[in-house]
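# Coordinate inspection notes
Each chain is listed here by its residues.
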Amino acid sequence: MSREGPDSRRSGHPRVVRDPLRARDAARALRAEAGRLGFVPTMGYLHPGHLSLIDRAREACDAVAISVFVNPTQFGPGEDYDAYPRDLDRDVALAGERGVDLVFAPGPGDMYPRTPSIRVEPGRLGQRLCGPSRPGHFSGVLTVVLKLFHILEPDVAVFGRKDFQQSVLVRRMTEELNLPIEVVAAPIVRAADGLALSSRNTYLSEEERARARSLSRALLRVRERFAADERDARTLTDLARQLMESAGVEVEYVEIVEAETLESLETATPDAVCAVAARVGSTRLIDNATLGGSSSLDDMEDPRGS
Ligand code: AMP
């Protein structure tokens, strides 16, 4: 790619590399020159949620690499691989504004020159929450994340809590496979009305977008009821389900789970996480919140408005 230049660190334009071996060389050069390398894996079409992860990586490290790769092996048949929004030029410009040093943007053939035969299997954690409706998804995610880790060899990798199950699985993988990488889970960035930012929000019509607000609103209501001493998980999840269904959203699951094992709880605790997945029209959305403590939901504007 023509953007590959030798001296991009000072110019504010990240170096863009497609080839995995060249990316490894570029990442090693950054570590040698700058020090600790932070890494943010993405599927691109960057929004302020991604940018907050980049900021977090910058705070923790001396140089930052991101990947932009819509990974085919984590999409099931009939999912939105082809439709997924892509705009690498815009992503590179946004990354540059945020001080990113290296953008690794491979094509599918760069990452998978052969049909992949070796995969990371997530086990029971991968069967929880989104597991049943997305068979193979987390295996695809963990396999590509492991490949990206080996290619870029970061010191710190930053993931969003928005994809809560993914962040738990990646942390578990780094522990169980002894990877020398610190995994950081960063807070969910939301629109002013509470909707968790997602590249997939671009699929929503205006009317669907209004209905989609019921996910964060339901989580906010659950947190309020928890703060008012409701501890019965079933009562809390029923409340969330009703709120979303009455907004015309098709609920896939609402669960209150233990934050590390992802096992469903009968009695809610402050550290437990309420996780939801729902379809708004043909768009599948996920969201979650910890029941106690602070949450990005606390910053919601007009939380009760319609
Ligand atoms: P994606 O491009 O959707 O694969 O996301 C790349 C990374 O950004 C993942 O670690 C996501 O969890 C994270 N992310 C996506 N949306 C948000 C958000 N609204 N707030 C914080 N992190 C996010």
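Residues numbered from 1 in each chain as written. Predicted model: local features only at pLDDT ≥ 70, side-chain atom pairs only at ≥ 80, totals over all residues. Heavy atoms only, no water.

## Here we look at the site of the ligand
What counts is decided by this rule: For this description, a residue counts as near a given molecule or strand if any of its non-hydrogen atoms is within 4 Å of it. Under this definition, polar contacts are N or O atom pairs within 3.5 Å; protein pairs additionally need one hydrogen-donor-capable and one acceptor-capable atom, and for neighbouring residues in sequence, both atoms have to be side-chain atoms. A helix here means a DSSP run of H or I that spans at least four residues, while a strand means a run of E at least two residues long, and both kinds are numbered starting from the N terminus.
H50, G160, D163, V189 and L197 are the nearest of the 17 residues found near the ligand. One nitrogen or oxygen atom from the main chain of L197 is found 2.8 Å from a nitrogen atom belonging to the ligand. Where the shell around the ligand is concerned, the elements lending two or more residues are β2 (37–42), α2 (48–60) and β5 (156–160). Examining the composition of the shell around the ligand, we find that 3 residues originate from one element, α2, more than from any other.

## Some words on a negative patch on the surface
Our working rule: Here, patches come from residues exposed beyond 30% relative accessible area and free of salt bridges, joined within 9 Å for like charges and within 5 Å for nonpolar side chains (Val, Leu, Ile, Met, Phe, Trp, Tyr). The method behind every accessible area is Shrake-Rupley, applied with a 1.4 Å probe, and residues are considered shielded solely by the protein chains displayed. When a carboxyl oxygen of Asp or Glu is within 4 Å of a side-chain nitrogen of Lys or Arg, the pair counts as a salt bridge. When charges are counted, neither His nor the chain ends are considered; positive counts come from Lys and Arg and negative counts from Asp and Glu. Where a charge lies is defined by one atom per residue type, namely NZ (Lys), CZ (Arg), CG (Asp) and CD (Glu).
Judged by side-chain charge, E175, E258, E260 and D271 come together as a negatively charged surface patch. By the secondary structure assignment, E260 is in the loop between β7 (250–257) and β8 (273–280).

## Let's talk about empty space enclosed by the protein
Spelled out, the test is: Lining residues are defined by having an atom within 4 Å of a point belonging to a cavity or pocket. Those points lie on a 1 Å grid over the protein atoms alone, cavities being sets where a 1.4 Å probe fits but cannot get out and pockets being open sets with protein on both sides within 12 Å along at least five of seven lines. Grid points are joined across faces, edges and corners, and a volume is the space filled by probe spheres set on the points.
Scanning the entire structure with this criterion turns up 1 cavity of 30 Å³ or more. For the largest cavity, the calculated volume is near 50 Å³. Taken together, K162, L195, A196, S198, N201, L215, L285, I286 and D287 make up the full set of residues lining the largest cavity. For the lining of the largest cavity, the element with the highest residue contribution is strand β9 (residues 283–290), accounting for 3 residues.

## Topic: the nonpolar core
A general feature of soluble globular proteins is that nonpolar side chains tend to end up buried together. Stated precisely, the cut-off is as follows: For this analysis, a nonpolar core means a set of buried residues of the types Ala, Val, Leu, Ile, Met, Phe, Trp, Tyr and Cys, connected via side-chain atoms within 4.5 Å. Each residue gets one of three labels from its accessible area relative to the maximum for its type: buried under 20%, exposed over 50%, partly exposed in between, using a 1.4 Å probe on protein chains only. Contacts are assigned to residue pairs that have any heavy atoms within 4.5 Å of one another.
Membership of the largest hydrophobic core comes to 45 residues, with the highest contact counts inside it found for L102, M111, V145, F149 and L152. The element that contributes the greatest number of residues to this core is helix α5 (residues 137–152), accounting for 10 residues. Those residues in contact with L102 that lie beyond four places of it in its chain are P14, R15, V17, A23, A26, A27, L30, V64, A65, I66 and L152.

## Topic: helix α3 (residues 88–97)
Think of an α-helix as 3.6 residues a turn; residues three or four steps apart then line up on the same face. All of the buried residues in α3 are D91, V92, L94, A95 and G96. On its buried face, α3 sits against β1 (15–17), α2, β3 (63–68) and β4 (102–104). Count one or two residues on from α3 and you reach G99, which has phi positive near 80°.

## Let's talk about the packing of helix α1 (residues 20–33) against α5
Two measures define how a pair of helices packs: the angle their axes make with one another and the distance between the axes. Stated formally: Structural elements are reduced to axes, namely lines fitted to C-alpha atoms, with helices fitted over the stretch in contact, and the angle between N-to-C directions of any two is expressed from 0 to 180 degrees. Here is the rule for angles: anything less than 35 degrees is roughly parallel, anything more than 145 is roughly antiparallel, 65 through 115 is roughly perpendicular, and the remaining ranges are oblique.
At a minimum axis separation of 7 Å, α1 and α5 run at an interaxial angle of 55°. The angle between α1 and α5 places the two elements in the oblique class. Residues P20, A23, R24 and A27 of α1 pack against H150, I151 and L152 of α5.

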